[in-house]
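# Residue-level structure breakdown
Listed below, chain by chain, are the residues.
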Amino acid sequence: MQVTMKAVPSSISVVTKPSPLSPQTTTSSIKPKDLIPITAPATGFLRMIQQQPNTPNRRRVIGYIEECLHPTILEGMCVVCGERPTTTTTTIPNKYNSNTDSLKQQSRSIGHKANVNTGPNLTQVTVSGGITMTVSQQEGQCMAQWDANRLYRQQRLSLVLDLDHTLNNNTNNKTSAAGVRTIRLPLHEGTTDPLQLQQPSNHLHHQQQQWAQHYVKLRPHVNDLLRWIESTYEVSVYTAGTKHYAEEATMVLCRNLVGSNRDWDDIERLRYQVQVQLQMAYHHYQQQQQQIMINDTSRNNKTNTMDNTDDIGNNNVAAKNKRTNDQIQQQQLQQKEDDKEKEEEIMDMNDDDDDDNDDTKHKPVKKKPKKISFAPVSTVEQEHTNHHPDEENNNPITTTRTTTTSSYHHTKSDHNNMITKDDDEEEELERLQQELVQADELEQAARRLRQKLFGSRVYSRTDLGDLGQHVKSHKRIFPWLCFADINNAAGTDLSESKQGNNNTNNNKNPYNEQDQQLLWTRDILDRLHQQYYYHYSNQQCKTTTGGNGSTGNRNRRRTVPEILKQMRKTVLPNCTLVFSGLVPLHKQQSITAAASPNTTVRPPIVRYAQSLGAKTQDKVDETVTHNVAAKDGSEKATIARTIPGCLVVRPGWLMESYWSIRKANVQPYLMAQGPAAIPIKKDENDDDDDDDDDGFALELEDELLNG
Amino acid sequence: MFYVKSLKHEIVAQPALFGPKLKSTIVRLLKEEVEGLALAEYGYVVNVIEVPEHEIKSGIIEYDTGDVVFSVKYTALLLRPFINEVLDAVVHQCNTLGFFAFVGPLRIFVSKHSMPEDMLNGWNPDKDSWISDDKEVVISSGCGVRLRIKGRTVEQGNITAIGTIKDSYLGLMDEGEEG
């Protein structure tokens, strides 16, 4: 049996067994100097040994202390032993620390690079829900290893996507652009304290929330990207927006994926329409009932030959009935409205809960929409209404009524009118109810897809807590993994649109329908995944066949940054570029010397070109293949026109090549073209020679003849 | 977990509240201010049980503002985590480092190192739950667990405790509605 005790560094006084040599054997005579304190050398868990091994040594081992390594620290306290380690630091440095060599070696073996530490061997991590904890380096690496192994087994890679301007664009100005979705965001974000948000009972402020509408437009081809990506990448979302926004935006994405055009507001509106329609139908039904009752009473009066007073009395009775019926109807309508309000409240309260909660709580109420059918009867034999028994608070009204034939003739015309009106209403009601059912089903499907696609890996600025400094750094969420940027461009955009259209804004048109970026991203991710897991299948083969490849490379997987770098290098392998009008004069010296890494910082466009494997130079000569020019007519462009095979292109060509990691088609960006390079072929040479010979022979002949 | 203690609190009352119902106003103010508060040494004040009238002594007028400070003794029901205490808690959220559970307003974190050996690698990111090797035990949001408190800290007006389910008879008690 193991006993765990917390060992404390302070001394504990213990009464020791008196040794046989000591003359003082009575407990009353034990002096403090005989007490030997037991001090723990470290904080940890004490495990006592029951059976002591027979050792000749007098110093018997009675137990062991399992030292606590303080793997995770929450609010200054170790989560395993509860102690407060003295070496905790909770500040985030402003620059990245350098890695140690041992760390590099270890990280290479798992295919990732380790990075930021916030203090001596400690890293801050924000987990889902916005709680920030500190983990030790060892713990961080263990988790990174575990994650990497898990993904490797599934043959997937990890992808972090931003939301704004990557997958969507949004604004709070109402816009009439096509395909715009709406989301509801609270006007005031409320508390950002993660503990308050976590409290399950702290939802009072939601009832007083005010909501504003925001308009979201998804980027073109976002569906293609997300639909394909699921099987090959584990997707996380990291946004500088708030938690609410992140949840709403991911829901819009998933709704789009399942093919639903209705956002939350649209569904609510539809639900309201169904309610209104139901109320109208019920109202008409009530009116019908009253009419029939009135007709009945008047008929009864006639058949019983009642006098006027009785008629009046009966009319009064009928009127009274009508009044009571009105009251009943009003009460029921009121009850319906109350229920609707309550449901809205519940929905508002549940907005921030798990989505599943939301569904399970109000789903049973909404799943089976009310079905009122007025059976179109040719004879007024029966009229009945059907209600689902588990519906809100409608009294199950089932009436059957038979009328006499006299009443049939009397009321037939009136009733037929009512029937046609009811038919239309009924059809409308059914249509609306079906739409609502479909909309709800699609919403459910969207929620399930969101859980499947993103899980709980949606991180926002609210989760981080600090709303300023390190918002853009994803190291707080994934501190032990190094992500290679596929497209993390920010700032000035050097590309131009293909058609050179005039934009009303200074920035590029956010609703550009020709935007192909997401398709390029998908293509890049596809190739990256294939190359990364190419070795996976190769390794399987090699291990079975014994492998004769180089053993040094067999166990070493290429990292994602390495693969991307390699992919970029092969885009423009045999190209020599000259830039015209793009690099300021004072930076031009760095171009030629940019081959060596220790020179000054290269201008961005040069860096892009060289990372794509192209050579750059500042003189136009016969080796130049492309002249990337800001505008036509410059000196370099003029010279380039004369060089055979040289193309004068706009910078957009280079940027498209860079961002799609593929050599872009030159045609849309072409400004001018040099003379076609004459390919040297033997046949052509022979022809040329013959032609030349013929020409020479003719000239010689002319000379000879003409003297 | 719960215990009763008599505490003292100072209530600052504005002159607008002075009148015949001053004492009941003071009791009301006391309840509003103190209930739900996390006191460092004592824990969360769950409820103010009793405010004996004779304990509301005469107040002292502040010269600069005109407000009156009443020193009130009251008995309160408190919720506090005691070390080595065993509690039943409801799991609120699971993450890669462990899970968070709540006992009312008290937040308890159970790290994966404080879970049994067969659950150490049981984190399932797809379902956001901790699953044992034999798939028998699934701890996810909404489950009831029995845990032992190993430590506590008070920061920013909230009490956070550290728990463990590694010992015998601890762990999953109730599947929960969403389990």
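We now turn to the structure provided with this report.

The rules behind these values
- Residues numbered from 1 in each chain as written.
- Chains lettered and ligands numbered in written order.
- Predicted model: local features only at pLDDT ≥ 70, side-chain atom pairs only at ≥ 80, totals over all residues.
- Heavy atoms only, no water.
- Helix = DSSP H or I, 4+ residues; strand = E, 2+ residues; numbered from the N terminus.
- Buried < 20%, exposed > 50% of the residue type's maximum accessible area, 1.4 Å probe, protein only.
- Contact = heavy atoms within 4.5 Å.
- Buried area = accessible area lost by both parts, 1.4 Å probe.
- Salt bridge = Lys/Arg side-chain N within 4 Å of Asp/Glu carboxyl O.
- Polar contact = N/O pair within 3.5 Å; in protein donor to acceptor, adjacent residues only side chain to side chain.
- Nonpolar A, V, L, I, M, F, W, Y, C, P; charged D, E, K, R; others polar.
- Pairing = 2+ DSSP bridges.
- Axes fitted to C-alpha atoms, helices over the stretch in contact; angles between N-to-C directions.
- Parallel < 35°, antiparallel > 145°, perpendicular 65-115°, else oblique.
- Left-handed = near helix turned anticlockwise from the far one by under 90°.
- Patch = residues over 30% accessible without salt bridge, like charges linked within 9 Å, V, L, I, M, F, W, Y side chains within 5 Å.
- Areas by Shrake-Rupley, 256 points an atom, 1.4 Å probe, with all protein chains shown as cover.
- Disulfide = S-S within 2.5 Å.
- Core = buried A, V, L, I, M, F, W, Y, C linked by side-chain atoms within 4.5 Å.

## Thoughts on the overall build of chain B
The helix and strand tally for chain B stands at one helix and 14 strands. Within chain B, buried positions represent 46% of all 179 residues. Intrachain contacts of chain B at a sequence separation of at least 6 include 61% that bridge at least 24 residues.

## With respect to the interface of chain B and chain A
Each side of the interface is counted separately: chain B has 31 residues, and chain A has 34 residues. Across the chain B to chain A interface the summed buried area is about 2900 Å²; carbon plus sulfur atoms make up 53%. Seen at the junction of chain B and chain A, the total is two salt bridges. A salt bridge links K112 of chain B to E139 of chain A; the shortest N-O distance between them is 3.5 Å. For the interface between chain B and chain A, the tally reads three residue pairs in polar contact (both at pLDDT 80 or more). Those elements giving two or more residues to the side of chain B that touches chain A turn out to be strand 6 (86–95), strand 7 (98–103), strand 8 (106–111), strand 12 (144–155) and strand 13 (158–164) of chain B. With five residues, strand 12 of chain B is the single largest residue contributor to the side of chain B that touches chain A. Across the side of chain B that touches chain A, the residue classes break down as nine nonpolar, 14 polar and eight charged.

## Considering the sheet that holds strand 9 (residues 168–171) of chain A
Hydrogen bonding along the main chain pairs the strands of a sheet, whether they run parallel or antiparallel. Residue and element names in this part refer to chain A. Reading across from one edge, 9-11-10 is the order of the three strands in this open sheet, with antiparallel pairing throughout. Of all strands in the sheet, those with a lone pairing partner are strand 9 and strand 10 (180–186), marking the two edges. The sheet shows a mean angle of 35° between the axes of neighbouring strands, direction not considered. Relative to strand 11 (residues 211–218), strand 9 is paired through four bridges, and the arrangement is antiparallel.

## Re the side chain of N124 of chain B
Residue and element names in this part refer to chain B. As for its position among the elements, N124 is in strand 9 (residues 123–124). Residue N124 is classed as buried on the basis of its relative accessible area of 18%. A distance of 3.0 Å separates the side chain of N124 from the backbone nitrogen of D126, its partner in a polar contact. Beyond its immediate stretch of four places on either side in the chain, N124 contacts S129 and I131.

## Re the packing of helix 16 (residues 604–611) of chain A against helix 18 (residues 651–660) of chain A
Residues and elements named next belong to chain A. Running from N to C, helix 16 and helix 18 cross one another at 55°; their axes reach a closest spacing of 10 Å. Classified by the angle their axes make, helix 16 and helix 18 are oblique. At the point where helix 16 passes helix 18, the crossing takes the left-handed sense. Contacts between helix 16 and helix 18 involve I605, Y608, A609 and S611 on the former and, on the latter, P651, L654, M655 and Y658.

## Side note on a nonpolar patch on the surface
Among the surface-exposed residues, M1, F2 and V46 of chain B lie close enough to one another that they form a single nonpolar patch of about 250 Å² accessible area. Position of F2 of chain B among the secondary structure elements: in strand 1 (residues 2–13).

## Let's talk about the state of the cysteines
Residues and elements named next belong to chain A. Per the stated rule, a full pass over the model turns up zero disulfides over all chains. This cysteine, C68, is not joined by any disulfide, and C81 carries the nearest cysteine sulfur, 3.5 Å off. The class of C68 is buried, set by a relative accessible area of 6%.

## A closer look at the sheet that holds strand 15 (residues 615–617) of chain A
Residue and element names in this part refer to chain A. The strand order across the open sheet formed by five strands is 15-14-16-17-18, and the pairing between neighbours is mixed. Of all the strands in the sheet, the pair left with one neighbour each is strand 15 and strand 18 (670–673). Each strand of the sheet is rotated relative to its neighbour by a mean of 25°, with strand direction disregarded. Sheet topology places strand 14 (residues 576–580) next to strand 15; three bridges connect them, and they run parallel. If you follow T576 over to strand 15, its bridge partner there is K615. Along the sheet, helix 16 contacts strand 14 and strand 15; its crossing angle with strand 14, the most-contacted strand, is approximately 170°.

## Here we look at the nonpolar core
Formed by 65 residues in total, the largest nonpolar core has its most connected members in L577, F579, W653 and L654 of chain A. Take this core: its biggest share by element is eight residues, from helix 6 (residues 243–258) of chain A. When near neighbours in sequence (up to four residues on either side) are disregarded, W653 of chain A contacts L572, L577, H626, K663, A664, N665, V666 and Y669 of chain A. Counting residues in each nonpolar core, the second largest holds 26 residues, with L87, M115, I139 and L147 of chain B among its members.

## Some remarks on the pairing of strand 7 of chain B
All names here are of chain B. The buried count for strand 7 comes to six of six residues, which makes it a mostly enclosed element. Bridge analysis of strand 6 against strand 7 gives five bridges, and the strand direction is antiparallel. The partner of Q93 across the bridge, within strand 7, is F100. Sheet analysis places strand 7 next to strand 8, joined by six bridges and oriented antiparallel. Across the sheet, residue G98 finds its bridge partner in strand 8, namely S111. The turn linking strand 7 back onto strand 8 is made up of two residues, and G104 within it adopts a positive phi angle of 65°.

Read these as spatial facts, not as claims about activity.
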